[in-house]
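Structure at a glance
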Number of protein chains: 8
Amino acid sequence: MTNTKKFLAAAAAVVAAGTVGVVAAHAAAPAEAAGAAPKAAVATDPAGGDLNRSTHLSVAAALKAARASLEAAGKEGQKVSVAVVDRNGNTLVTLRGDGAGPQSYVSAEKKAFTAVSWNAPTSVLVGRLSQTPNLKDIPGTLFLPGGAPVQVGGAPVAAVGVAGAPSGDLDEKFARAGVAALGKAAE
Amino acid sequence: MTNTKKFLAAAAAVVAAGTVGVVAAHAAAPAEAAGAAPKAAVATDPAGGDLNRSTHLSVAAALKAARASLEAAGKEGQKVSVAVVDRNGNTLVTLRGDGAGPQSYVSAEKKAFTAVSWNAPTSVLVGRLSQTPNLKDIPGTLFLPGGAPVQVGGAPVAAVGVAGAPSGDLDEKFARAGVAALGKAAE
Amino acid sequence: MTNTKKFLAAAAAVVAAGTVGVVAAHAAAPAEAAGAAPKAAVATDPAGGDLNRSTHLSVAAALKAARASLEAAGKEGQKVSVAVVDRNGNTLVTLRGDGAGPQSYVSAEKKAFTAVSWNAPTSVLVGRLSQTPNLKDIPGTLFLPGGAPVQVGGAPVAAVGVAGAPSGDLDEKFARAGVAALGKAAE
Amino acid sequence: MTNTKKFLAAAAAVVAAGTVGVVAAHAAAPAEAAGAAPKAAVATDPAGGDLNRSTHLSVAAALKAARASLEAAGKEGQKVSVAVVDRNGNTLVTLRGDGAGPQSYVSAEKKAFTAVSWNAPTSVLVGRLSQTPNLKDIPGTLFLPGGAPVQVGGAPVAAVGVAGAPSGDLDEKFARAGVAALGKAAE
Amino acid sequence: MTNTKKFLAAAAAVVAAGTVGVVAAHAAAPAEAAGAAPKAAVATDPAGGDLNRSTHLSVAAALKAARASLEAAGKEGQKVSVAVVDRNGNTLVTLRGDGAGPQSYVSAEKKAFTAVSWNAPTSVLVGRLSQTPNLKDIPGTLFLPGGAPVQVGGAPVAAVGVAGAPSGDLDEKFARAGVAALGKAAE
Amino acid sequence: MTNTKKFLAAAAAVVAAGTVGVVAAHAAAPAEAAGAAPKAAVATDPAGGDLNRSTHLSVAAALKAARASLEAAGKEGQKVSVAVVDRNGNTLVTLRGDGAGPQSYVSAEKKAFTAVSWNAPTSVLVGRLSQTPNLKDIPGTLFLPGGAPVQVGGAPVAAVGVAGAPSGDLDEKFARAGVAALGKAAE
Amino acid sequence: MTNTKKFLAAAAAVVAAGTVGVVAAHAAAPAEAAGAAPKAAVATDPAGGDLNRSTHLSVAAALKAARASLEAAGKEGQKVSVAVVDRNGNTLVTLRGDGAGPQSYVSAEKKAFTAVSWNAPTSVLVGRLSQTPNLKDIPGTLFLPGGAPVQVGGAPVAAVGVAGAPSGDLDEKFARAGVAALGKAAE
Amino acid sequence: MTNTKKFLAAAAAVVAAGTVGVVAAHAAAPAEAAGAAPKAAVATDPAGGDLNRSTHLSVAAALKAARASLEAAGKEGQKVSVAVVDRNGNTLVTLRGDGAGPQSYVSAEKKAFTAVSWNAPTSVLVGRLSQTPNLKDIPGTLFLPGGAPVQVGGAPVAAVGVAGAPSGDLDEKFARAGVAALGKAAE
């Protein structure tokens with residue numbers, strides 16, 4: 001049995017188990033390219049560690065979190081923007097809230113990026129600057145409260161960022177509300 | 001049994017199967033933040049589709065491919081740069097080859113990005129421009145031969161890009177050599 | 001009666017009419033700045049044309065459209081990203097679909113930007129390039145099918161962009177599905 | 001009566017009231033696209049909150065403010081640049097004053113952006129940095145005196161930014177002169 | 001008589017002639033820096049060609065042109081944005097017209113930049129692409145009708161760019177109206 | 001006598017005076033565009049202040065200064081990069097010195113930009129940050145010693161920036177050497 | 001005989017062979033351009049100092065260093081990214097480590113850039129900010145421990161940057177491990 | 001004995017002297033860092049190919065070429081900008097010619113970058129686009145005549161780019177004049 005077959009069988013087994021949907025990287029092979037696609041699929045070598053697997057939020061889950069954050073802010077009459085980024089820092093969802101300031105959209109993304117980078121709420125990360133002030137010079141980061149990581153088994157898989165409320169504490173409260181929504185049943 | 005427990009159990013089962021190492025998103029929780037980390041880990045809801053899992057190249061595998069591309073070029077006396085990007089378009093490995101032209105470094109990255117975006121070698125994708133010429137205006141793309149996707153079960157998980165040889169056909173030959181190296185035993 | 005009073009009265013009248021909620025630009029005046037805020041609110045001069053009023057999608061509506069696009073794609077097994085931008089080209093909502101190619105996220109935004117700029121589906125706008133090919137050099141634009149304007153009284157107020165399906169026609173079909181959802185009752 | 005009709009009727013009523021001109025989002029539908037434009041205008045659902053309306057400065061008003069700022073500076077022999085941005089942070093007007101330093105043009109835009117983001121003069125906002133120093137890391141902002149918001153009913157609808165005078169206090173004095181001009185009759 | 005004195009005397013003579021005001025580069029020397037400023041002003045050497053003098057539009061003139069363009073468009077019911085750039089490509093004035101599409105603001109700047117770069121209307125420059133198509137890859141340029149140079153003695157000193165009308169011919173008509181306004185008395 | 005004629009006559013007079021060469025904005029009017037060029041040259045209105053004139057360094061002078069800075073550094077065995085920018089912040093000359101660190105090239109440009117913006121050596125400007133720390137957030141600036149303005153009659157017309165020496169004081173010594181060279185005869 | 005001496009001897013041998021060991025810049029002269037290439041190769045003038053020669057890491061060496069850094073981190077269970085840049089600040093090699101935070105990739109590049117710019121470990125350079133805080137505003141730099149220069153004869157020829165570990169001290173330990181690997185035999 | 005031969009002999013002599021003429025990368029080791037610098041200089045491994053050596057233009061030579069290009073243009077009354085880039089694409093020298101169009105400065109840099117990337121004059125490279133049109137999408141390139149490579153032994157070590165003349169042929173004539181100046185004695 002080749003390594004490739006072994007991998008595919010294993011993957012099939014995972015799917016068969018029905019617990020986690022292997023959705024991710026299945027790009028549509030457009031019809032017109034099908035004939036030209038490289039015949040030899042990669043012969044993977046699991047034993048050699050060629051492949052990793054990682055856990056992500058589905059877009060539906062990311063959206064559930066973002067909406068929960070926006071609603072939490074709305075209940076308190078606050079106008080905010082919300083962003084959800086994945087572990088690689090790629091943005092999954094953005095929502096520019098009605099009447100939120102123009103600075104809030106990018107701020108929300110950067111807070112989420114910061115939270116997922118260090119796997120901690122940005123309110124905590126702000127505290128680290130007293131010892132290492134130049135952390136905040138890393139591109140993509142923003143050290144203001146309002147970012148909260150989404151964790152699976154303690155590891156970060158995503159983060160929610162909120163910006164636009166009059167204080168960072170409020171922003172972060174709404175971000176946490178978004179994270180908290182992930183365990184609940186879908187609406 | 002809570003949803004969270006169900007998910008963790010399922011994840012454990014996957015790992016127990018021993019076929020794929022769950023490496024990915026395990027960020028170090030820095031000591032000084034531990035106390036402040038949000039107590040409540042995300043209560044996932046697998047039934048609701050909150051989590052996806054995806055397959056990636058390990059950095060070791062990406063490097064194996066990149067080196068194989070560089071060596072294939074070297075055997076023919078060609079000076080090239082090489083890049084490997086993952087399914088999300090994030091660059092995993094770059095190698096600026098000795099004496100390669102300055103344009104080759106970014107070209108290699110963009111060819112890889114293009115190949116993984118449409119799951120086809122860039123030599124094939126160039127052909128699509130005759131029907132849809134503006135595809136090439138999409139940011140991050142470069143429609144020149146030299147990019148080749150890495151596939152698992154037909155789906156793209158990464159791509160190798162090569163640039164700097166006198167012709168795109170040569171570049172793509174070397175890129176394919178990189179992909180082909182993935183099924184072989186590690187050096 | 002001063003001009004300012006006249007404007008405020010008129011604004012009140014509009015709200016009282018109850019047909020359109022004056023939500024928009026109500027930024028929270030943070031407590032700590034209250035004392036220092038400029039006392040004299042702008043004394044507007046409606047007769048002089050100092051103020052315009054414009055119609056926008058609420059974020060809830062923009063999200064409704066984006067989700068409808070994503071669901072339409074999902075029903076056909078297509079993996080796409082979706083964006084909604086307003087009349088000024090600012091992004092309101094983004095959704096990076098599960099398994100969508102990395103090029104799709106920015107493409108969706110740019111298609112929506114293009115559609116709202118010229119108030120036409122991007123499939124139509126592509127046709128204009130035969131006469132004016134350099135339109136596609138305008139920053140922010142992307143001339144590929146998949147963008148559809150949201151119109152009120154024939155004027156563009158927003159646009160939906162979709163990218164990632166194997167053809168632009170499919171992308172645009174899903175974008176139109178998003179627009180069509182706007183007339184329906186909220187879920 | 002359909003929702004669409006209801007909205008259009010309501011809009012007509014607003015216009016008929018004659019107090020606010022619905023100018024904004026009326027893009028010209030170019031002749032060559034007219035036939036291809038989507039037949040079905042969006043069927044709006046006002047009850048569902050699909051639409052918001054917001055108040056903006058007309059370009060004539062923005063220009064009136066910018067000129068007033070420039071003239072106020074000129075009277076004191078100061079060389080400055082001026083910018084007016086709207087509530088969404090988009091620049092409406094810029095004026096690069098004769099002999100103003102090259103740094104002044106972008107500074108004026110960023111001061112205006114900052115003022116409209118937090119609905120306060122930037123001289124006030126500078127004070128907030130003592131408590132939240134990283135606010136100034138938000139992209140687009142500049143925490144120097146010289147930005148002043150334009151308010152309608154207390155909410156920000158625009159802001160004027162001035163830069164280039166020897167002190168920020170002077171810059172802000174001129175910015176306020178621009179805001180103050182908005183209540184006066186057009187020249 | 002030193003070279004410096006000779007230059008200053010010459011400059012004085014020019015001013016005394018009263019025909020052109022030497023406004024330009026007179027930056028305010030802030031008080032606190034006065035003591036530290038380099039004592040020795042540059043001892044110029046006119047014979048050696050150290051100094052050039054160039055002619056520019058005043059901001060007042062640039063604004064006059066921009067307003068004339070905007071008004072010309074308004075008379076025909078067209079919604080456009082306008083920009084004026086100087087000979088060095090620096091933007092002097094921008095006006096985002098009411099209801100103009102979001103793409104128009106940057107387009108207007110780039111058309112003006114293009115017109116001043118080659119001292120010709122952009123409608124003429126478009127024609128040159130048939131022979132040299134890659135001119136349009138030069139950063140900052142946009143080869144669409146709508147840019148018109150402002151000339152003094154045949155040399156370009158500025159340009160007006162207009163964008164947003166349904167056709168480039170209309171845009172350029174309005175741009176020319178802006179240029180034409182420069183010879184008229186100030187309003 | 002029309003305004004246009006009056007201006008051209010005046011301009012001719014200036015040139016006839018032979019003291020300053022009107023070099024600047026004389027762009028070549030390419031042959032193929034000559035016929036299409038707008039017939040009506042701008043009818044200027046000097047009385048209305050349509051035109052300004054400003055003084056610039058010739059490229060020969062800028063180069064003389066840059067070389068003097070580089071040589072001054074070389075005499076002390078220091079490896080630096082040098083830049084000269086004009087009053088508008090546009091770079092006139094750059095020299096990447098042999099063996100200078102990669103950070104020095106952009107640093108030199110930014111120091112020169114900073115010096116010309118506030119018409120003072122950057123060593124002086126650094127001191128201003130104690131009162132206005134956020135000046136350094138203005139795009140294009142760098143508050144490190146090594147920039148020195150070139151003044152004519154006290155007004156800044158250009159600046160020299162030097163970077164790469166072990167201390168900013170050395171950098172600025174070399175920058176001043178460049179400025180000092182401007183009064184000397186050409187080599 | 002030390003390794004250094006061996007290198008010098010080897011280099012001499014290459015030169016003695018009369019070929020000049022033109023390794024680096026040997027770009028392939030594509031066939032179709034051969035005829036049109038400028039006939040007259042540059043006639044150099046050694047007395048005039050037209051040519052310099054510099055020492056660089058080969059890509060193989062840069063890769064050896066990068067891998068050593070990654071392995072050193074792996075042995076301690078740390079997830080990091082690694083970059084190697086040359087003396088000109090151009091990136092030679094990047095490795096995005098499995099599970100490393102998204103901020104680590106760019107951070108590693110910038111740390112390496114910083115180390116090679118001032119020829120010192122970034123942990124040392126951080127200390128200099130107490131005297132010259134604005135050094136950190138130079139584009140491309142990042143003042144966090146984790147960058148280490150590669151020196152030949154005391155001069156910097158490259159640098160290794162590492163980011164992603166819980167502390168900068170760890171990052172720099174791994175960076176130094178990469179540098180140390182350069183003297184060892186290839187694997 | 002040709003100049004080239006003289007150079008090779010001289011280079012050999014330098015190496016024979018055993019000093020290696022390590023000119024390039026000699027960064028100043030600032031005093032305060034001396035103690036902390038890594039003690040162990042890199043122990044190179046020539047057998048392993050850790051080090052390469054490459055040939056570059058000195059800044060003096062690059063400047064000589066740039067000036068020759070500018071003067072050649074001046075003799076024909078053409079206003080141009082000039083740039084010299086090294087083999088790695090880094091800019092060594094720029095000269096913004098008096099009265100040159102604003103587009104010329106960046107164009108000159110990009111033409112030089114293009115010429116050095118493929119080791120051919122850009123007038124030749126333009127021709128390749130007929131077969132591979134998307135080469136021109138590679139970042140940093142510009143396919144217009146006006147760039148000419150500087151070769152040593154047939155390999156590119158730098159390139160000169162010129163822009164601003166009415167035709168690309170003229171630009172390239174001036175660029176070649178710059179290259180030709182390299183074999184002549186210094187002025």
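Residues numbered from 1 in each chain as written. Chains lettered and ligands numbered in written order. Predicted model: local features only at pLDDT ≥ 70, side-chain atom pairs only at ≥ 80, totals over all residues. Heavy atoms only, no water.

Next up on the list: the overall build of chain A. Within chain A one finds 6 helices and 5 strands. Counting helices and strands in the order they occur from the N terminus, chain A gives α-α-β-α-β-β-α-α-β-β-α. Relative to its 187 residues, chain A shows a buried fraction of 61%. Taking contacts inside chain A between residues at least 6 apart in sequence as the whole, the part at least 24 apart equals 64%. Of the roughly 6,200 Å² of accessible surface on chain A, a fraction of 59% belongs to carbon and sulfur atoms. (Helix = DSSP H or I, 4+ residues; strand = E, 2+ residues; numbered from the N terminus. Buried < 20%, exposed > 50% of the residue type's maximum accessible area, 1.4 Å probe, protein only. Contact = heavy atoms within 4.5 Å. Areas by Shrake-Rupley, 256 points an atom, 1.4 Å probe, with all protein chains shown as cover.)

This part is about the packing of helix 3 (residues 59-75) of chain F against helix 6 (residues 168-180) of chain F. Each packed pair of helices is defined by two parameters, the angle between the axes and the distance between the axes. All names here are of chain F. Relative orientation of the contacting elements helix 3 and helix 6 amounts to 140°, with a least axis distance of 7 Å. What the angle tells us is that helix 3 and helix 6 run oblique. In this structure, helix 3 meets helix 6 at a crossing whose hand is right-handed. Judged by residue contacts, Ala65, Ala68, Ser69, Ala72 and Ala73 of helix 3 engage Phe174, Ala175, Ala177 and Gly178 from helix 6. (Axes fitted to C-alpha atoms, helices over the stretch in contact; angles between N-to-C directions. Parallel < 35°, antiparallel > 145°, perpendicular 65-115°, else oblique. Left-handed = near helix turned anticlockwise from the far one by under 90°.)

Let us look at the interface of chain F and chain G. Across the contact, 14 residues belong to chain F and 14 residues belong to chain G. For the pair chain F and chain G, the summed buried surface comes to about 1,100 Å²; carbon and sulfur atoms form 58% of the total. Contact with chain G buries area across many residues of chain F, yet Pro102(F), Gln103(F) and Leu144(F) alone supply 48% of it, more than any other trio. The tally of links between chain F and chain G comes to 1 salt bridge. Two residues, Asp137(G) and Lys136(F), come together in a salt bridge whose shortest N-O distance is 2.8 Å. Counted by class, the side of chain F that touches chain G contains 7 nonpolar, 4 polar and 3 charged residues. (Buried area = accessible area lost by both parts, 1.4 Å probe. Salt bridge = Lys/Arg side-chain N within 4 Å of Asp/Glu carboxyl O. Nonpolar A, V, L, I, M, F, W, Y, C, P; charged D, E, K, R; others polar.)

What follows deals with the packing of aromatic side chains. Across all of its chains, the model carries 8 aromatic pairs over all chains by this definition. Taken together, a centroid distance of 5.5 Å and an interplanar angle of 50° make the contact between Trp118(A) and Phe143(A) tilted. Residue Trp118(A) is found in helix 4 (residues 104-118), and its partner Phe143(A) is found in the loop between helix 5 (122-128) and strand 4 (147-152); the two are separated by 25 residues along the sequence. Considered together, Trp118(A) and Phe143(A) belong to a single accessibility category, that of buried residues. Positioned above the aromatic ring of Tyr105(F), the side-chain terminus of Arg96(F) is 4.4 Å from the ring centre. (Phe/Tyr/Trp six-rings, centres within 6.5 Å; stacked < 30°, edge-to-face > 60°. Lys NZ or Arg CZ within 6 Å of the ring centre and 35° of its normal.)

Attention now goes to the pattern of salt bridges. Side chains carrying opposite charge are able to pair once their charged atoms draw close together. All names here are of chain F. Within the structure shown, the criterion is met by 40 salt bridges over all chains. Note that Glu172 and Arg176 form a salt bridge whose closest N and O atoms lie 3.6 Å from each other. Highlighted residues: Glu172 and Arg176, both in helix 6, separated by 4 residues, approximately one helical turn. In this structure Glu172 comes out as buried when scored by relative accessible area, which is 4%. Take Arg176: its relative accessible area is 35%, and that puts it in the partly exposed class.

Turning our attention to unusual backbone geometry. The residue Asn119(A) is not glycine, and still its phi comes out positive at about 55°. When you line up the elements, Asn119(A) lands in the loop between helix 4 and helix 5.

This part takes up the sheet that holds strand 2 (residues 81-86) of chain F. On the basis of which strands lie adjacent, the open sheet formed by 8 strands has the order 4(F)-5(F)-2(F)-3(F)-3(H)-2(H)-5(H)-4(H) and antiparallel pairing. Of all the strands in the sheet, the pair left with one neighbour each is strand 4 (147-152) of chain F together with strand 4 (147-152) of chain H. Here the average twist between neighbouring strands, direction ignored, is 15°. Here 5 bridges tie strand 2 of chain F to strand 3 (residues 91-96) of chain F, and the two strands are oriented antiparallel to one another. Its bridge partner lying in strand 3 of chain F, Ser81(F) is registered against Arg96(F). (Pairing = 2+ DSSP bridges.)

Before going further, it helps to examine the relation of the copies chain F and chain G. Structural alignment of chain F on chain G gives an RMSD of 0.0 Å, achieved by rotating through 90° and translating 0.0 Å along the axis. The superposition operator between the copies reduces to a four-fold rotation axis. For chain F, the smallest separation between a C-alpha atom and the rotation axis is recorded for Asp137(F), amounting to 6.4 Å. (Least-squares fit on C-alpha atoms with pLDDT ≥ 70 in both.)

Another aspect to go through is the sheet that holds strand 3 (residues 91-96) of chain A. On the basis of which strands lie adjacent, the open sheet formed by 8 strands has the order 4(A)-5(A)-2(A)-3(A)-3(C)-2(C)-5(C)-4(C) and antiparallel pairing. Taken across any chain shown, the strands that pair with only one partner, and hence form the sheet edges, are strand 4 of chain A together with strand 4 (147-152) of chain C. Each neighbouring strand pair of the sheet contributes to a mean axis angle of 15°, computed without reference to strand direction. Relative to strand 3 (residues 91-96) of chain C, strand 3 of chain A runs antiparallel, the two being bridged by 3 bridges. Bridge pairing in strand 3 of chain C links Val93(A) to Leu95(C). Sheet strands touched by helix 4 (residues 104-118) of chain C: strand 3 of chain A together with strand 2 (81-86), strand 3, strand 4 and strand 5 (155-163) of chain C. Its angle to strand 5 of chain C, the strand with the most contacts, is close to 155°.

With that settled, the discussion passes to the side chain of Ser54(A). Mapped onto the fold, Ser54(A) is located in strand 1 (residues 51-57). Of the polar contacts made by the side chain of Ser54(A), one reaches the side chain of His56(A); its length is 2.9 Å. (Polar contact = N/O pair within 3.5 Å; in protein donor to acceptor, adjacent residues only side chain to side chain.)

Interpretation of this model should avoid reading the predicted coordinates in detail wherever pLDDT is low. The predicted model of chain A averages 80 in pLDDT, with 72% of residues at 70 or higher. The ipTM for the predicted assembly is 0.79, set against a pTM of 0.84. (pLDDT = per-residue confidence, 0-100.)

Looking now at the environment of Ala165(H). Residues and elements named next belong to chain H. For Ala165, the position within the fold is in the loop between strand 5 (155-163) and helix 6 (168-180). Spatially, the C-alpha atom of Ala165 lies 8.8 Å from that of Ser104, the residues being 61 residues apart in sequence. Setting aside its immediate chain neighbours within four residues, Ala165 contacts Gln78, Lys79, Val80, Leu170, Asp171 and Phe174.

Here we come to the side chain of Ser117(B). Its location among the elements puts Ser117(B) in helix 4 (residues 104-118). For Ser117(B), a relative accessible area of 5% corresponds to the buried category. Beyond its immediate chain neighbours, meaning those up to four positions away, Ser117(B) contacts Arg87(B), Gly101(C), Pro102(C) and Gln103(C).

Side chains on a regular strand alternate between the two faces of the sheet. All names here are of chain B. For strand 2 (residues 81-86), the buried fraction is high: 6 of the 6 residues fall into the buried class. Where burial is concerned, the two faces of strand 2 agree: the one with Ser81, Ala83 and Val85 and the one with Val82, Val84 and Asp86 are both buried. Relative to strand 5 (residues 155-163), strand 2 runs antiparallel, the two being bridged by 6 bridges. Its bridge partner being in strand 5, Ala83 is matched across the sheet by Gly161.

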